[in-house]
Amino acid sequence: MAILPIITAPDPRLAKKARPVEKVEASVRELMDDMLETMYEAPGIGLAAPQVGVLKRIIVVDCAKTDEKPQPYKLANPEILWRSDELLTNNEGCLSLPEHYADVTRPAEIKVRYLDEQNEIRELHAKGLLATCIQHEIDHLEGTLFVDHISALKRNIILRKLAKLKRQKVPAPA
Ligand SMILES: [Zn+2]
């Protein structure tokens with residue numbers, strides 16, 4: 001397994017739409033495992049393949065609390081089949097927008113169909129933080145970031161700060 005570099009905003013690669021996975025085979029399983037390791041290391045509770053520069057419809061999430069045992073999910077081609085009318089607001093963050101958070105309102109429960117690591121079709125009924133997290137990661141597959149759900153004013157403040165941070169990152173002298 002390997003820790004992969006995470007792309008941070010602003011970056012045009014984070015705005016692209018990801019392509020479906022044809023079949024979950026060994027190379028996809030390896031990517032899923034690398035993504036999980038990268039996510040745990042960050043640390044984060046979700047990661048989408050475009051965030052590590054792979055334009056494929058693959059996400060990993062683990063919303064277990066720190067005192068619970070890990071509960072990783074690996075989803076290829078996730079598709080939301082149903083959304084509840086009831087909404088839930090969570091203070092969201094993103095490994096591609098480090099140290100920035102904002103309240104985002106989304107459906108409180110969803111039903112998702114996906115391919116698991118064995119290429120089997122599965123359905124998952126998610127609620128609470130898990131539902132928020134899966135919707136956030138599926139957004140990445142469409143080139144959407146959580147800041148796209150908030151006001152343009154707040155979004156621009158965050159993106160400008162991140163752009164400035166990038167400009168300040170000069171290579172360390174050898
Ligand atoms: Zn994210």
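Details of the structure are given in the entry above.
Residues numbered from 1 in each chain as written. Predicted model: local features only at pLDDT ≥ 70, side-chain atom pairs only at ≥ 80, totals over all residues. Heavy atoms only, no water.

Trainee: Explain the coordination of the zinc ion to me, using residue names and the numbers behind them.
Mentor: Only C94 (SG), H136 (NE2) and H140 (NE2) from the protein coordinate the zinc ion, and they sit 2.1 to 2.3 Å from it. Each donor residue of the zinc ion lies on the same chain, and together they follow the pattern C-x41-H-x3-H. Here the residue C94 occupies a position in the loop between β4 (87–92) and β5 (102–107), and H136 occupies one in helix α2 (residues 129–141), the gap between them amounting to 42 residues. The exposure class of C94 is buried, given its relative accessible area of 9%. (Donors = N, O, S within 2.8 Å, 3.2 Å for Na, K, Ca; no water. Helix = DSSP H or I, 4+ residues; strand = E, 2+ residues; numbered from the N terminus. Buried < 20%, exposed > 50% of the residue type's maximum accessible area, 1.4 Å probe, protein only.)

Trainee: Give a description of the side chain of Q51 that names residues and reports values.
Mentor: By the secondary structure assignment, Q51 is in the loop between β1 (46–48) and β2 (58–61). In terms of polar contacts, Q51 uses its side chain to reach the side chain of S96, at 3.0 Å. (Polar contact = N/O pair within 3.5 Å; in protein donor to acceptor, adjacent residues only side chain to side chain.)

Trainee: Break down the nonpolar core for me, with residues and values.
Mentor: I59, Y73, I110, L130 and I134 are the most contacted members of the largest nonpolar core, which totals 19 residues. Among the elements of the structure, β2, β3 (73–83), β6 (109–115), β7 (121–127) and α2 are those that each provide at least two residues to this core. Element by element, the count of residues in this core is highest for α2, at 6 residues. Beyond its immediate sequence surroundings of up to four residues, I134 is in contact with I59, V61, I110, V112, L124 and A126. (Core = buried A, V, L, I, M, F, W, Y, C linked by side-chain atoms within 4.5 Å. Contact = heavy atoms within 4.5 Å.)

Trainee: Quick rundown of α2? Include the residues and the values.
Mentor: Its 13 residues give α2 an end-to-end C-alpha distance of 19 Å, which sits within 8% of 18 Å, the value for a rise of 1.5 Å per residue. Judged by how many residues are buried, α2 sits mostly within the fold: 12 of 13 residues are covered. Taken residue by residue, α2 has L130, A131, T132, C133, I134, Q135, H136, E137, I138, D139, H140 and L141 as its buried positions. Following α2 by one or two positions, G143 has its phi on the positive side, about 80°. (Expected span 1.5 Å × (residues − 1).)

Trainee: Before we move on, can you summarise empty space enclosed by the protein with the specific residues and values?
Mentor: Evaluated as defined, the whole model comprises 1 cavity of 30 Å³ or more. When its volume is computed, the largest cavity comes out at roughly 40 Å³. Taken together, T8, A9, P98, L162, L165, K166 and K169 make up the lining of the largest cavity. Partitioning the lining of the largest cavity into residue classes produces 4 nonpolar, 1 polar and 2 charged. (1 Å grid on protein atoms, 1.4 Å probe; cavity = no way out; pocket = protein on both sides within 12 Å on 5 of 7 lines; lining within 4 Å. Points joined across faces, edges and corners; volume = space filled by probe spheres on them. Nonpolar A, V, L, I, M, F, W, Y, C, P; charged D, E, K, R; others polar.)

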